[in-house]
Amino acid sequence: MRGRVNVAAALVGIAIGSSLVSTDSGSVADIQLQLGNLLTAEGRYREAVRAYRKAGREVEERLRLPISTGLVQALLRTGEFNDAREEAEALVAALPSQSLARSVLGDALWASGLFDEAERSYRDALSSGPDDPRARHGMARALAARSRLEEAMIEGQAALKLAPREGEFHYTVGAIFERMHRFEEAAGAFQGYLNLLPNRDRSEKAAWARAQIRFLRAFKDRRPFFIDGDVESLLHTVPFKLVRDKVVVSGRVNNGRAMDFVLDTGAEQTILSDTVARRAGVTPITYVQSAGVGEVGLRGLQIGRIEQLQFGTLKIHDVPALIKNPPLGGLPTRETEAFSPLALGLSMIIDYDKKLLTIGRRIKMTPEIEVPLRLHRLAMVRGIVNSRPASFVVDTGGEVISISQATAGSLSVDPAFRRIPLKVYGTSGWDRDAFLMPNVDLEFSTIRFSRIPVVVLNLRAPSALLGFELGGIVGHKFLSKYRVGIDLERSTLALSTN
């Protein structure tokens, strides 16, 4: 197949060369569209972008829709999220009645971290085209991010039925199955995704899927995340201590001795150091790609399975765990063990005043402030930075309020502004490009900060791995002013003053 695509691409290239003497712009656009589609099928997305751009926007409607659709999808695959959004907005302006144009805009808005706007665009697309597979897929992602997993699966399967050869749809269905703890079915969906990739695809997303299949199938007949007791009603409360602005609780791995774990909602999985994993008998199964703040960016880590993880009265079995091997050197402190109840499928309340952490499927809290929350691999809330919307990670393992370089670059800055360099380290090492930006206005729902300093971080690697632009991070200095609840069932960040 790959050879046939290469030959076809070459033939189209010859046809383009011979058509340059023609004045028929429609025929040139047709040929460039074919070339762009063939290059996309081969995973040569940057070349596809060039082909689609050569086709141009000033073409008849029958070409404008497929050209712009192909261009937006190729731009998203190369991480050019802003360009994709601009192209999608121009497409909707040109063809406002086309459902596909609105679903493509939804994809571009999602990649910009504008989840609310993306969901509205998908709903608009479905109102005029209920059989639009891309809009159904978009709704599957939107519903899953609000933890409405059964509804998300219905939409995901509907998208697959309408477009069974769209690899991205298989990938999303696999992610939903994994959130539902149906690992064998998740592995099957990820395999469907891989089967539709071009042979040359070596993207981080493809590598992650290959490793994830091996890992998921290693569970075989086990019940991942199985919890002792009545999981639907029981609440588990454990004391914690604050160490360097981090919530630290005592836990046990595989009935071993008690050890400290950092509560880290910025982590997708439970995290163990290589030393602790070996001592507890947690055997690595494969390597996966991870990404975080720091100059290393993307980082390969081992992943294994904890037989039993315990925090107070909470006992949970067959838990995936990232093993920090190889470890990073040159950091001021050792890499610590960490966990997130959200990664276990559980909600939580942090009472900073009483120093108590409560974990359960259903939490009970009457907050003063509720902020809508989306869980798309990480817990995200919407923030407004100098009147611009952006998505922020709720990170109990982080310390300050920070914004990404991409967000900072979109802001109007006083010409007299002087960068104040900072030396910041994260899960991927030192971020030597970090700096302090003063006089930033920031809002989260009804919470407003005026002209405050924020840390600017390089979040390109985690944004690329997640598939959307991270706007920033809210950590301890923001959260510790409140009694904090993260309620997955209601998809809210609940805040009450201590």
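Thresholds, definitions, all that
- Residues numbered from 1 in each chain as written.
- Predicted model: local features only at pLDDT ≥ 70, side-chain atom pairs only at ≥ 80, totals over all residues.
- Heavy atoms only, no water.
- Axes fitted to C-alpha atoms, helices over the stretch in contact; angles between N-to-C directions.
- Helix = DSSP H or I, 4+ residues; strand = E, 2+ residues; numbered from the N terminus.
- Parallel < 35°, antiparallel > 145°, perpendicular 65-115°, else oblique.
- Left-handed = near helix turned anticlockwise from the far one by under 90°.
- Contact = heavy atoms within 4.5 Å.
- Nonpolar A, V, L, I, M, F, W, Y, C, P; charged D, E, K, R; others polar.
- Salt bridge = Lys/Arg side-chain N within 4 Å of Asp/Glu carboxyl O.
- Buried < 20%, exposed > 50% of the residue type's maximum accessible area, 1.4 Å probe, protein only.
- Expected span 1.5 Å × (residues − 1).
- Phe/Tyr/Trp six-rings, centres within 6.5 Å; stacked < 30°, edge-to-face > 60°.
- pLDDT = per-residue confidence, 0-100.
- Polar contact = N/O pair within 3.5 Å; in protein donor to acceptor, adjacent residues only side chain to side chain.
- Pairing = 2+ DSSP bridges.

1. Side note on the packing of helix H4 (residues 61-77) against helix H6 (residues 99-111)
Packing of H4 against H6 leaves a shortest axis separation of 10 Å and a crossing angle of 15 degrees. In terms of orientation, H4 lies roughly parallel with respect to H6. The interaxial crossing formed by H4 with H6 has left-handed handedness. Every residue of H6 that contacts H4 at Leu-65, Thr-69, Val-72, Gln-73 and Leu-76 is listed here: Leu-100, Ala-101, Val-104, Asp-107, Ala-108 and Ala-111. Taken together, the residues that form the contact of H4 with H6 break down as eight nonpolar, two polar and one charged.

2. Overview of the pattern of salt bridges
According to the stated counting rule, one finds 34 salt bridges in the structure shown. One salt bridge connects Glu-47 with Arg-44, and the closest N-O pair in it is separated by 2.8 Å. With a shortest N-O distance of 3.2 Å, Glu-89 and Arg-85 are connected by a salt bridge. Taken together, the residues Glu-89 and Arg-85, both in helix H5 (residues 81-94) and four residues apart, mark about one turn of the helix. Glu-89 sits in the partly exposed class, given a relative accessible area of 37%. Residue classification places Arg-85 among the partly exposed residues on the basis of a relative accessible area of 28%.

3. As for helix H8 (residues 133-145)
Between its first and last C-alpha atoms H8 spans 19 Å; for 13 residues at 1.5 Å apiece the expected length is 18 Å, and the two agree. In terms of residue burial, H8 counts as a mostly covered element, since twelve of its 13 residues are buried. Buried within H8 are the following residues: Arg-134, Ala-135, Arg-136, His-137, Gly-138, Met-139, Ala-140, Arg-141, Ala-142, Leu-143, Ala-144 and Ala-145. Here the buried face of H8 lies against H4, H6, helix H7 (115-128), helix H9 (149-162), helix H10 (167-179) and strand E13 (369-376).

4. Digging into the environment of Tyr-171
By secondary structure assignment, the location of Tyr-171 is in helix H10. On the basis of relative accessibility, which here comes to 10%, the residue Tyr-171 falls in the buried class. In this structure the C-alpha to C-alpha distance between Tyr-171 and Ala-187, which are 16 residues apart in sequence, comes to 9.7 Å.

5. Focus on the packing of aromatic side chains
Under the criterion given, the structure shown has 15 aromatic pairs. Here the aromatic rings of Phe-215 and Phe-219 are separated by 5.2 Å at their centres, their planes lie at 80 degrees, and the arrangement is edge-to-face. One exposure class covers both Phe-215 and Phe-219, and it is buried. Connected via pairs of aromatic rings, a cluster forms that spans Phe-392, Phe-444, Phe-449, Phe-478 and Tyr-482.

6. Quick word on the confidence of the model for the protein chain
Across the protein chain, the average pLDDT comes to 88, with 88% of residues at or above 70. Taken together, the stretch residues 1-23 has pLDDT below 50 and engages in 21 contacts with residues farther than four places along the chain or on a different chain.

7. Some details on the side chain of Thr-69
Positionally, Thr-69 belongs in helix H4. At 2.7 Å, the side chain of Thr-69 and the backbone oxygen of Leu-65 are in polar contact. Beyond its immediate stretch of four places on either side in the chain, Thr-69 contacts Leu-91, Leu-100 and Val-104.

8. Some words on H9
Its 14 residues place the ends of H9 20 Å apart at the C-alpha level, agreeing with the 20 Å of an ideal helix rising 1.5 Å per residue. Inspection of H9 places Leu-149, Ala-152, Met-153, Glu-155, Gly-156, Ala-158, Ala-159 and Leu-160 among the buried residues, and these make up the whole buried set. Against H8 and H10 lie the buried residues of H9.

9. Quick notes on the environment of Gly-192
In this fold, Gly-192 is placed in helix H11 (residues 183-195). For Gly-192, a relative accessible area of 15% corresponds to the buried category. In the structure, Gly-192 is positioned 27 residues away from Arg-165 in sequence and 8.9 Å away in space, judged by C-alpha atoms.

10. Some thoughts on the pairing of strand E5 (residues 259-263)
Judged by how many residues are buried, E5 sits mostly within the fold: four of five residues are covered. Looking at chain direction, strand E4 (residues 246-253) and E5 are connected through four bridges and run antiparallel. Across the sheet, residue Gly-251 finds its bridge partner in E5, namely Met-259. Turn length for the E4-E5 hairpin, with the two strands adjacent in sequence and antiparallel, is five residues, and the turn residue Asn-254 shows positive phi of about 50 degrees. Bridging between E5 and strand E10 (residues 338-339) involves two bridges; their strand directions are parallel. Residue pairing in the sheet places Val-262 in a bridge with Ala-338 of E10.

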